[in-house]
Amino acid sequence: MLDLNRLKALHAVAVYGSVGAAAEALMVTPSAVSQQLAKLERETGATLLERNGRGVRLTDAAGLLAGHAERILALVETAEADFEALRGAVVGRLSIGAFPTAARGLLPQALVLLRERHPDLRLQLHEREPGRQLLEVSRGELDLAVVQDWVNRPMAIPEGLSRAALFDDVADVVLPAGHPLADRAEIELAELSGERWISGSPGTVCHDWLVYTLRAAELEPEIACMADEYPTQLALTAAGQGCAIVPRLGRGPVPEGVRAVAVRPRPTRRIYALWRTDAARRPAIRAAVEALRAASAGLRGES
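So, here is what we can say about the structure in this document. Since the model is a prediction, treat every value here as computed from it, not as a measurement.

1. Section: the overall build of the chain
Helices and strands together make up the secondary structure of the chain, namely ten helices and twelve strands. Taken along the three principal axes of its C-alpha coordinates, the chain extends 75 × 50 × 30 Å. Of all 303 residues assigned to the chain, the portion counted as buried reaches 43%. Accessible area of the chain: about 14900 Å², with a carbon and sulfur share of 51%.

Structural data, given as structure tokens:
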């Protein structure tokens with residue numbers, strides 16, 4: 001009989017393309033993945049990996065078996081979800097992903113609620129960028145994810161995933177305290193023509209959204225500094241290096257030398273919980289969404 005853990009190791013190598021990447025996804029060592037594959041080769045009597053330059057590639061036999069493994073693992077997940085639903089108990093392991101500001105500003109409250117209400121549920125939190133979360137939920141590496149999109153740039157949800165809205169997170173423009181517009185209650189985005197901007201790294205959701213939003217307002221962005229953490233962006237703003245658009249979730253107190261000013265049109269990102277539709281019967285999924293909604297209710301007034 002084929003061992004499920006060995007099939008899971010083979011499937012991970014097929015998905016991620018290397019033993020090292022598969023080990024990272026499974027949260028084990030590369031040596032552990034290699035050992036599982038060696039045992040699977042002995043069980044099947046087939047060579048599964050071949051050298052390919054500095055890496056490895058799947059043989060035809062491994063590709064065939066990996067396809068079966070994907071279907072088997074999906075059936076096992078469905079069976080587990082059905083069994084948990086039948087019992088009605090919130091038990092087992094639940095892995096949750098969240099983008100950085102949600103991991104800081106929302107998940108602590110939600111995890112406290114989950115542990116109080118369901119002490120037999122084993123929780124794992126993984127901080128992830130939104131794009132990676134979509135892949136990991138789709139592949140079954142995360143059970144649930146907290147993701148974001150912007151009202152003016154919605155996110156496409158892959159087939160087979162379901163989502164629930166949590167709350168809308170408003171963003172403000174942050175300016176050095178000595179800026180001519182810093183004492184205004186509200187400004188138009190167009191009034192920031194010619195400003196130097198502080199942004200996330202190119203290719204991140206926040207960087208791409210900022211460039212898209214500024215260009216939509218007929219402002220060509222001059223990116224002076226790139227920093228992925230909002231506290232760093234605030235520190236750079238305080239140092240007079242530019243201005244930034246910073247959401248309120250997880251922002252924390254605005255430091256000395258910085259003013260947060262409301263801006264029109266109001267930048268708003270939508271926060272969602274996301275899970276595989278096939279796993280929706282799991283009581284743990286429903287319990288986690290309820291806890292996230294409860295934690296979100298206290299944040300709506302802040303946004």
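There is more to say after this.
2. Considering the pattern of salt bridges
If you walk through the whole model with that rule in mind, you get 17 salt bridges. The salt bridge involving Arg 104 is made with Glu 229; its shortest N-O contact spans 3.8 Å. Within this pair, whereas Arg 104 is found in helix H5 (residues 100–105), its partner Glu 229 is found in the loop between strand S9 (222–226) and helix H9 (230–238), the two being separated by 125 residues in sequence. Judged by relative accessible area, which is 36%, Arg 104 ranks as partly exposed.

3. Considering empty space enclosed by the protein
For the coordinates displayed, the defined rule picks out one cavity of 30 Å³ or more. Here the largest cavity defines a volume of roughly 80 Å³. Those elements that provide at least two residues to the lining of the largest cavity are strand S8 (196–199), helix H8 (205–216) and H9. Broken down by element, the lining of the largest cavity gets its largest block of residues, three residues, from H8. A per-class count over the lining of the largest cavity returns seven nonpolar, three polar and no charged.

4. Re the pairing of S8
Note: S8 against S9, four bridges, orientation parallel. Across the sheet, Trp 197 pairs through a bridge with Ile 223, a residue of S9. You can see the chain leave S8, run along H8 and come back into S9, and the turn it takes is right-handed.

5. Concerning helix H2 (residues 19–26)
Listed in full, the buried residues belonging to H2 are Val 19, Ala 22 and Ala 23. Burial along H2 is one-sided: seen end-on, the buried residues are contained in an arc of 100 degrees. On its buried face, H2 is in contact with helix H1 (4–16), helix H3 (30–44), strand S1 (49–52) and strand S2 (55–58). One side-chain oxygen at the N-terminal end of H2 lies 3.0 Å from the backbone nitrogen of Ala 21; it belongs to Ser 18.

6. Some remarks on helix H6 (residues 107–117)
Restricting attention to buried positions, one finds in H6 the residues Leu 107, Ala 110, Leu 111 and Leu 114. Taken end-on, H6 shows its buried residues confined to a sector of 100 degrees, consistent with a single buried face.

7. Quick word on the packing of H2 against H3
Two elements in contact, H2 and H3, have axes separated by 8 Å at closest approach and are oriented at 105 degrees. In terms of orientation, H2 and H3 fall into the roughly perpendicular class. Packed against H2, whose contacting residues are Val 19, Gly 20, Ala 23 and Leu 26, the element H3 presents Pro 30, Val 33, Ser 34 and Leu 37 at the interface. Its residues assigned to classes, the contact of H2 with H3 comprises six nonpolar, two polar and no charged.

So, how was this worked out
- Residues numbered from 1 in each chain as written.
- Predicted model: local features only at pLDDT ≥ 70, side-chain atom pairs only at ≥ 80, totals over all residues.
- Heavy atoms only, no water.
- Helix = DSSP H or I, 4+ residues; strand = E, 2+ residues; numbered from the N terminus.
- Buried < 20%, exposed > 50% of the residue type's maximum accessible area, 1.4 Å probe, protein only.
- Areas by Shrake-Rupley, 256 points an atom, 1.4 Å probe, with all protein chains shown as cover.
- Salt bridge = Lys/Arg side-chain N within 4 Å of Asp/Glu carboxyl O.
- 1 Å grid on protein atoms, 1.4 Å probe; cavity = no way out; pocket = protein on both sides within 12 Å on 5 of 7 lines; lining within 4 Å.
- Points joined across faces, edges and corners; volume = space filled by probe spheres on them.
- Nonpolar A, V, L, I, M, F, W, Y, C, P; charged D, E, K, R; others polar.
- Pairing = 2+ DSSP bridges.
- Right-handed = clockwise from strand over helix to strand, strands pointing away.
- Arc of directions from axis to C-beta.
- Contact = heavy atoms within 4.5 Å.
- Polar contact = N/O pair within 3.5 Å; in protein donor to acceptor, adjacent residues only side chain to side chain.
- Axes fitted to C-alpha atoms, helices over the stretch in contact; angles between N-to-C directions.
- Parallel < 35°, antiparallel > 145°, perpendicular 65-115°, else oblique.

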